[in-house]
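Structural overview
Single-letter residue listing:
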Amino acid sequence: MSLFVVTGTDTGIGKTVFAAGLAGAIGGYYWKPIQAGVDPEGDSETVARLSGLPARRILPEAYRLSTPASPHLAARIDGVEIRLDRLALPAVDGPLVVEGAGGVLVPVSGTMLMADLFAHWSKPVILCARTGLGTINHSLLSIEALRARGVPIAGIAFIGDPHAENERIIPALGRVANLGRLPHLRALDPASLATAFAAGIKLPAI
Ligand SMILES: Nc1ncnc2c1ncn2[C@@H]1O[C@H](COP(=O)(O)OP(=O)(O)OP(=O)(O)O)[C@@H](O)[C@H]1O
Ligand SMILES: [Mg+2]
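Residues numbered from 1 in each chain as written. Chains lettered and ligands numbered in written order. Predicted model: local features only at pLDDT ≥ 70, side-chain atom pairs only at ≥ 80, totals over all residues. Heavy atoms only, no water.

**Some details on the site of ligand 1**
Around ligand 1 lies a shell of 15 residues, among which Thr 11, Lys 15, Thr 16, Pro 183 and Leu 185 are the nearest. Between ligand 1 and Lys 15 there is a distance of 2.8 Å, counted from an oxygen atom to a side-chain nitrogen or oxygen. Taking Asp 43, its side chain carries an N or O atom lying 3.0 Å from an oxygen atom of ligand 1. A total of 630 Å² of accessible area belongs to ligand 1 in isolation, and the protein chains cover 71% of it. Grouping the constituent residues of the shell around ligand 1 by class yields five nonpolar, six polar and four charged. (Near = heavy atom within 4 Å. Polar contact = N/O pair within 3.5 Å; in protein donor to acceptor, adjacent residues only side chain to side chain. Areas by Shrake-Rupley, 256 points an atom, 1.4 Å probe, with all protein chains shown as cover. Nonpolar A, V, L, I, M, F, W, Y, C, P; charged D, E, K, R; others polar.)

**Some points on the packing of aromatic side chains**
Inspection of every chain in the model, using the stated rule, returns three aromatic pairs. Judged by centre distance (6.3 Å) and plane angle (45°), the rings of Trp 31 and Trp 121 are tilted. Taken together, the positions of Trp 31 in strand S2 (residues 29-31) and Trp 121 in helix H4 (residues 114-121) put the pair 90 residues apart, joining distant regions of the chain. Residues Phe 118 and Trp 121 carry aromatic rings whose centres are separated by 6.2 Å and whose planes lie at 35° to one another, so their mutual orientation is tilted. Of the two residues, Phe 118 and Trp 121 both sit in helix H4, three residues apart, roughly one turn of that helix. In this structure Phe 118 comes out as buried when scored by relative accessible area, which is 0%. On the basis of relative accessible area, Trp 121 is assigned to the buried category, the value being 8%. Through successive ring pairs, a cluster of aromatic residues spans Trp 31, Phe 118 and Trp 121. Above the ring of Tyr 29, the side-chain terminus of Arg 57 is found at 4.4 Å from the ring centroid. A cation over a ring is seen here: Arg 86 above Tyr 63, with NZ or CZ 4.2 Å from the ring centre. (Phe/Tyr/Trp six-rings, centres within 6.5 Å; stacked < 30°, edge-to-face > 60°. Helix = DSSP H or I, 4+ residues; strand = E, 2+ residues; numbered from the N terminus. Buried < 20%, exposed > 50% of the residue type's maximum accessible area, 1.4 Å probe, protein only. Lys NZ or Arg CZ within 6 Å of the ring centre and 35° of its normal.)

**Examining helix H5 (residues 135-148)**
With 14 residues, H5 extends 20 Å from end C-alpha to end C-alpha; this agrees with the ideal 20 Å at 1.5 Å per step. By the burial criterion, the buried members of H5 are Thr 135, Ser 139, Ser 142, Ile 143, Ala 145 and Leu 146. Take H5 and look down its axis: the buried residues cluster within an arc of 165°, on one side only. Turned more than 90 degrees away from the buried face of H5, the exposed residues are Glu 144 and Ala 148. Against the buried residues of H5 lie H4, strand S6 (125-130), strand S7 (153-159) and helix H6 (164-174). Downstream of H5 by one or two residues, Gly 150 has phi in the positive range, about 75°. (Expected span 1.5 Å × (residues − 1). Arc of directions from axis to C-beta. Contact = heavy atoms within 4.5 Å.)

**Here we look at the layout of surface pockets**
When its volume is computed, the largest pocket comes out at roughly 470 Å³. Those elements giving two or more residues to the lining of the largest pocket turn out to be helix H1 (15-26), strand S3 (34-36) and helix H2 (43-50). Of all the elements, H2 adds the most residues to the lining of the largest pocket, at four residues. Its residues assigned to classes, the lining of the largest pocket shows 13 nonpolar, 11 polar and seven charged. As a volume, the second largest pocket reaches approximately 190 Å³. Residues of the lining of the second largest pocket, tallied by class, amount to seven nonpolar, four polar and no charged. (1 Å grid on protein atoms, 1.4 Å probe; cavity = no way out; pocket = protein on both sides within 12 Å on 5 of 7 lines; lining within 4 Å. Points joined across faces, edges and corners; volume = space filled by probe spheres on them.)

Below, the structure written as structure tokens:
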């Protein structure tokens, strides 16, 4: 079964839009294990809106926390303990796209970072990165943090306006596959996302 974990160099980088495009392209399931902040909507609702997938393909979150903050803090505010046994990858009858929270060194709890959870799952991770200024540092740091924990990296996917040099140097120095680029879309709807995703992103072979 194909399984992709989607992470990013930062929060708000476009992971959910990318994950919606990916889940739609592979006709898969989508799972956001830890959602911190649900106003105006959580990532599952965004994916339901943008992927074109039927509602049953969007799996319920393991944790749906009210505060838009690092999961460890959002959980503390809601009086919830985030436990590894509730974060087991769901068994589904098709490809699965899992979206992390924030970036790779975001704390899931007081003792576990997002990258530790990825290492525990040991499934290929796609790193979403901006194309613009600052992305070389954020991307290479994220790749190092994943490698240091032995997390398999399926590749890097860029999001935003084209930047030929950043899109060349990061995969070269980071020694990761370049999965392409999803442009910034003026109209975000299932049809335009599917078209842009198919045109810009090469799916990694798993
Ligand atoms: N390719 C794109 N075209 C147009 N808008 C985009 C694109 N990617 C992301 N956005 C917009 O940027 C914002 C952040 O995107 P998104 O929610 O996908 O980020 P994220 O990395 O999933 O954030 P979080 O860390 O909260 O999960 C959203 O308003 C989204 O609509
Ligand atoms: Mg998201």
